[in-house]
Every structure is written in C-alpha cells, then in structure tokens.
Amino acid sequence: MEYDVETLSSLVGQEILVSDWISISQEEIDAFGKVTRDIDPMHVDPNYAREHSPFGQTILFGFQTLSMLSHLCSPIRYRHDGGVVGYDLNYGLNRVRFISPVPVNARFRNRMTIKSVEQREDGAYLITSENTIEIEGQERPALVAEWIGLVSRENA
C-alpha cells in the first residue's frame, strides 16, 4: 500500500491498514526475554505460568507486542510527489496502553488509523497514527499506541 505524503492529510481519521494475522511462539518469547535480559517466568517458563500466572499460560512481553508494530505496518510505503521516499524513521510514541496480554501462539493483528500529518520546514513529514493490536477472538485489544513516523524526502 503506497500513499503520497502530500495528500495523506485527506485521510486523517481513516483506517489505512488492517494487517495480516500473526502469532508468536514460545521460542520467540524466550528469545525476546534473552535479548532484553528479562527472564520473568510468566513469559519464559510455561510450567510456572500454568501454575502461578492468572493467565494459565505464558504471554508475550508487553514491549514485545509493541515492537511488532514495525512488522505489522511494513506493508505501508510513503512517497513524495509520486516518487520514492528517502527514508522512514521511528520518531517515537505519544501514548501507549497495554490493555490485554497476548497469549503464546495467539493470533493478533494491527489496525492503523491516521491521526495527523505535519510537514516540517525541511520538507519531511511527521505522521502520527493510532495503532490498535487486536487479539483474534477477544473483544478487548492487546494494546493501543499513538506512533509517530518521520518520512523524509528522497536524498539527492
């Protein structure tokens, strides 16, 4: 999906992406815990989680769920004047709420809505989107995050 940043402001308030469903295995949760040096047994020890966790199984780390936004939004491409964008950077987050945990192997996806588009003096754009990660079969989302991307002009 490609969008011209010059006309993207006309889509403010509209959903521009519903990602594919994905899931995360126990091995991926373990790897995330290892890399982030977080060995909370609620995430990395299935036996502990079965016996002591209120969820009865392991769950994704909240920050692991949040980090999946990059992958879930990867089908989106922005361009200037119909051309290729120089680069697209993570500019930060305004607000993140972890609402429901994502169980191991559960399917989840992202719904992305454009909140605002601001052109900077250097010609780059700050694009703010609201991202809602929903868990298949659950009414409450896993998280809601307001995410800002910096979209530059193509380097000369």
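See above for the structure.
Residues numbered from 1 in each chain as written. Predicted model: local features only at pLDDT ≥ 70, side-chain atom pairs only at ≥ 80, totals over all residues. Heavy atoms only, no water.

(A) Spatial organisation of the overall build of the protein. Scanning the protein from terminus to terminus reveals five helices and seven strands. Listing the helices and strands of the protein from first to last along the sequence gives β-β-α-α-α-α-α-β-β-β-β-β. Expressed as lengths along the three principal axes of its C-alpha atoms, the size of the protein is roughly 55 × 30 × 25 Å. Of all 156 residues assigned to the protein, the portion counted as buried reaches 42%. For the protein, contacts bridging at least 24 residues in sequence account for 71% of all contacts bridging at least 6. (Helix = DSSP H or I, 4+ residues; strand = E, 2+ residues; numbered from the N terminus. Buried < 20%, exposed > 50% of the residue type's maximum accessible area, 1.4 Å probe, protein only. Contact = heavy atoms within 4.5 Å.)

(B) Spotlight on the sheet that holds strand β4 (residues 88-98). A sheet is described by the order of its strands in space; here five strands give the open sequence β2-β5-β6-β7-β4, paired in antiparallel fashion. At either margin of the open sheet sits one strand with a lone partner, and together these are β2 (15-18) and β4. Pairwise comparison of adjacent strand axes, ignoring direction, gives a mean angle of 25° for this sheet. (Pairing = 2+ DSSP bridges. Axes fitted to C-alpha atoms, helices over the stretch in contact; angles between N-to-C directions.)

(C) How the structure looks around the layout of surface pockets. Computed from the structure, the largest pocket encloses a volume of approximately 290 Å³. Only β3 (77-79), β4, β6 (125-135) and β7 (143-151) provide two or more residues apiece to the lining of the largest pocket. Taken together, the residues of the lining of the largest pocket sort by class into eight nonpolar, five polar and two charged. (1 Å grid on protein atoms, 1.4 Å probe; cavity = no way out; pocket = protein on both sides within 12 Å on 5 of 7 lines; lining within 4 Å. Points joined across faces, edges and corners; volume = space filled by probe spheres on them. Nonpolar A, V, L, I, M, F, W, Y, C, P; charged D, E, K, R; others polar.)

Fair warning: the whole summary comes from geometry, so function is off the table for now.
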